[in-house]
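Structural features, examined
Take a look at the letters that make up each chain.
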Amino acid sequence: RGLKDKDKLQIIKYPKTKDLEKLLKRPTADFYAVEKSVQEILNDVKKNGDTALKKYALKFDKVNVTDLRVSEKEMKEAVGLLDKKLKRAIETAYVNIKKFHKAQQHKPEKIETTKGVVCWRESRAIQNVGLYIPGGSAPLFSTVLMLATPAKIAGCKRVVLCSPSNKEGNLHPAILFAAQLCGVNEIYKTGGAQAIAAMAYGTKTIKTIDKVFGPGNQYVTVAKQLIQREGIAIDMPAGPSEVLVVGDESCEPAFIAADLLSQAEHGPDSQVIFVTLKENLIAKVQQEVEQQLNDLPRKEIAKQALQHSKIILVKDRSEAVDIINQYAPEHLILVVKDEKYFLKNVVNAGSVFIGNYTPESAGDYASGTNHTLPTNGYARVYGGVSLDSFVKKITYQKISPKGIKNIGSIIETMAEAESLRAHKNAVTIRLKKL
């Protein structure tokens, strides 16, 4: 059976610039629509700690959690519960992710800005970090690799992992195996906004952290934004997943459909968009989406996502670039002959996948790049998680007597002009000594 019209990607031909903002609106709930309920959860956890966490596990996950912390026994058992093929796949992905992120380390370079004035910058790991790993209908063990690997390379002293348990009160063995592989052993069975609250404020069982990482649903995203107001750092607002694919006559319609569905199956509030320069691709991609959808176990979830997803026909590559930069997609797939033009002119995207044989799922799992990316248009101002996300940069300077002679009068002049006499005197007293 074919899809009902409401479940098909909506087709828009040659949209006007003034209509783009409305056309590209995400299906996510407004921040303020869920803020109240999320704030209540945060306040509850802040006040009642572990008791609140167990209450919400029962309410949302339908499980009675007696011990929030994953035991060493559970960690060891997880290894035996996974088949060898999956273990090898996780291990290979880990090697690639580690290789890519380790290459982001830089040796400090000392710069002599003026004779006798030496400045440099060094990275220092954030000491305590919390990783949120979505569970529920799709336990994202790949996210463990994406967050824990750079955290360990950076040298974070304490790495805490939180994820919701299944109905039996356990975390998926692949999550525990990936955590063990990365060297993370402080793991807790709690999910949703309450997990964010636990890491931010601390409970009897879970001690507070300095920065929260990880994607999640709208409630998790809003929780992260709310704790940020209170001075707890977050990686970025990373909510429901999305992809924008651009294709011309060089693309394979079956590949395009597969990429659209790979994001649609994430959740009902995901969004997928196909921007094309060729009208004859519309029917081909629609047909492929319908055929491939029937074979998906998460078909019903994907169908809901397709209801607010679109195919947009544009006149030329310039219009396609305008749509990309306005939408600022989490994932951008470019399957076009003139890829150089797009790569030069696209300025807003979380991660870019180029060519027919670069599926977005490669970045999700095993190519090496990080899949924790800004969503909902935040790619305009945020980049994805990297090694730098787990460190802060400290600047250093050392000035010799000759150096203070060389820049002393400049500092005095500027301080005097700003009426900051003590600033000036801090230099003058040294110059007199010389």
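Structural data are supplied above this passage.
Residues numbered from 1 in each chain as written. Predicted model: local features only at pLDDT ≥ 70, side-chain atom pairs only at ≥ 80, totals over all residues. Heavy atoms only, no water.

**Quick word on the packing of aromatic side chains**
Just so we agree on the cut-off: Between the rings of Phe, Tyr and Trp (Trp by its six-membered ring), a pair exists once the centres lie within 6.5 Å; its type follows the angle of the planes, with under 30 degrees stacked, over 60 edge-to-face, and the other angles tilted. Going along the chain from the N terminus, every DSSP run of H or I of four or more residues is numbered as a helix, and every run of E of two or more is numbered as a strand. Burial classes: relative accessible area under 20% of the type maximum marks a residue as buried, over 50% as exposed, and values in between as partly exposed (1.4 Å probe, protein chains only).
Across all of its chains, the model carries six aromatic pairs by this definition. Taking 5.5 Å as the distance between ring centres and 10 degrees as the angle between the ring planes, the aromatic pair formed by Trp120 and Tyr396 counts as stacked. With Trp120 in strand S3 (residues 117–125) and Tyr396 in strand S14 (residues 391–399), this pair connects stretches of sequence that are 276 residues apart. Looking at Trp120, the relative accessible area reads 15%, which means it is buried. Between the aromatic rings of Phe255 and Tyr357, the centroid separation amounts to 5.4 Å while the plane-to-plane angle is 70 degrees, which identifies the pairing as edge-to-face. One end of the pair, Phe255, is in helix H9 (residues 253–264); the other, Tyr357, is in the loop between strand S13 (351–354) and helix H14 (360–365), with 102 residues separating them in the sequence.

**Regarding a nonpolar patch on the surface**
The following threshold applies: Patch members must show over 30% relative accessible area and no salt bridge, and they are joined within 9 Å when carrying like charges or within 5 Å when they are nonpolar side chains of Val, Leu, Ile, Met, Phe, Trp or Tyr. Per-residue accessibility takes into account occlusion by the displayed protein chains alone, with areas from the Shrake-Rupley method and a 1.4 Å probe. We define a salt bridge as a contact between a side-chain nitrogen of Lys or Arg and a carboxyl oxygen of Asp or Glu at a distance within 4 Å.
A cluster of nonpolar residues, Leu343, Val352 and Ile354, forms a patch on the protein surface that exposes about 200 Å² of accessible area. Along the chain, the position of Leu343 falls in helix H13 (residues 339–345).

**Looking at the sheet that holds strand S8 (residues 233–234)**
Rules: Two strands pair under a simple rule: DSSP has to find at least two bridges between them. Contacts between residues were defined by any pair of non-hydrogen atoms, one from each residue, lying within 4.5 Å. All axes here are fitted lines through C-alpha atoms, helices being fitted over the stretch that makes contact, and every angle between N-to-C directions spans 0 to 180 degrees.
Pairing is parallel in the open sheet, where five strands are placed in the order S6-S5-S4-S7-S8. Bordering the open sheet on either side are strand S6 (186–189) and S8, each of which pairs with just one other strand. Examined bridge by bridge, strand S4 (residues 128–132) and strand S7 (residues 211–213) share three bridges and lie parallel to one another. Within the sheet, the bridge partner assigned to Gly130 lies in S7 and is Val212. Sheet strands touched by helix H5 (residues 141–154): S4, strand S5 (158–163) and S7. Its angle to S4, the strand with the most contacts, is close to 170 degrees.

**Looking at the nonpolar core**
To be explicit about the condition: Working definition of a nonpolar core: buried Ala, Val, Leu, Ile, Met, Phe, Trp, Tyr and Cys residues. They are joined through side-chain atoms within 4.5 Å.
Ranked by size, the top nonpolar core spans 41 residues in total, and within it Val129, Leu131, Ile187 and Phe390 carry the most contacts. Contributions of two or more residues to this core are made by helix H3 (72–81), helix H4 (84–102), S4, H5, S5 and helix H6 (173–182). If you tally residues by element for this core, the top one is H5, at nine residues. Residues in contact with Ile187, not counting those within four places in the same chain, are Leu68, Arg69, Val70, Met75, Leu161, Leu171, Leu176 and Ala179. Counting residues in each nonpolar core, the second largest holds 35 residues, with Ala198, Met199, Tyr201 and Ala223 among its members.

**Concerning the sheet that holds strand S2 (residues 111–114)**
Reading across the sheet, the three strands line up as S2-S3-S14 and stay open at both edges, with antiparallel pairing between neighbours. Either end of the sheet is taken by a strand with one partner, and the two such strands are S2 and S14. Strand-to-strand twist of the sheet, defined as the mean angle between neighbouring strand axes without regard to direction, takes the value 30 degrees. Bridge count for S3 against S14 is nine bridges, and the pairing is antiparallel. From the neighbouring strand, Cys119 faces S14, where its bridge partner is Gln397.

**A word on the side chain of Gln271**
Convention followed: N or O atoms within 3.5 Å of each other form a polar contact, as long as, within protein, one can give a hydrogen and the other can take it, and as long as residues adjacent in sequence are counted only when both atoms are side-chain atoms.
In this structure, Gln271 sits in strand S10 (residues 271–276). Looking at Gln271, its side chain comes within polar contact range of the main-chain oxygen of Lys25, at 3.3 Å. If near-sequence neighbours (up to four positions away) are discounted, Gln271 is found in contact with Leu24, Lys25, Arg26, Pro27, Ser241, Glu242, Val243, His308, Ser309, Lys310 and Tyr327.

**Digging into the packing of helix H2 (residues 31–60) against helix H8 (residues 218–229)**
Packed helix pairs are specified by the crossing angle of their axes together with the interaxial distance, meaning the distance between the axes. This is how the line gets drawn: Note on terminology: angles under 35 degrees are roughly parallel, angles over 145 are roughly antiparallel, angles of 65 to 115 are roughly perpendicular, and the others are oblique. Following the grouping adopted for this structure description, the nonpolar residues are Ala, Val, Leu, Ile, Met, Phe, Trp, Tyr, Cys and Pro, the charged ones are Asp, Glu, Lys and Arg, and the polar ones are all others, Gly among them.
One can describe the packing of H2 onto H8 by two numbers: an axis separation of 9 Å at closest approach and a directional angle of 70 degrees. The angle between H2 and H8 falls in the class roughly perpendicular. When H2 is examined against H8, the residues Phe31, Val34, Glu35, Ser37, Val38, Gln39 and Leu42 are found in contact with a partner set consisting of Tyr219, Val222, Ala223, Gln225, Leu226, Ile227 and Arg229. Of the residues belonging to the contact of H2 with H8, the class tally is nine nonpolar, three polar and two charged.

**Remarks on unusual backbone geometry**
A positive phi angle, near 55 degrees, is found at Lys62, a position not held by glycine. Inspection of the secondary structure assignment puts Lys62 in the loop between H2 and H3. Here Lys62 falls in the exposed class, since its relative accessible area comes to 54%. Of note in this structure, Ser419 is not a glycine but carries a positive phi near 60 degrees. Tracing the backbone through its elements, the reader meets Ser419 in the loop between helix H15 (401–417) and helix H16 (421–433).

So far we have only geometry, and geometry alone does not tell us how the molecule works.
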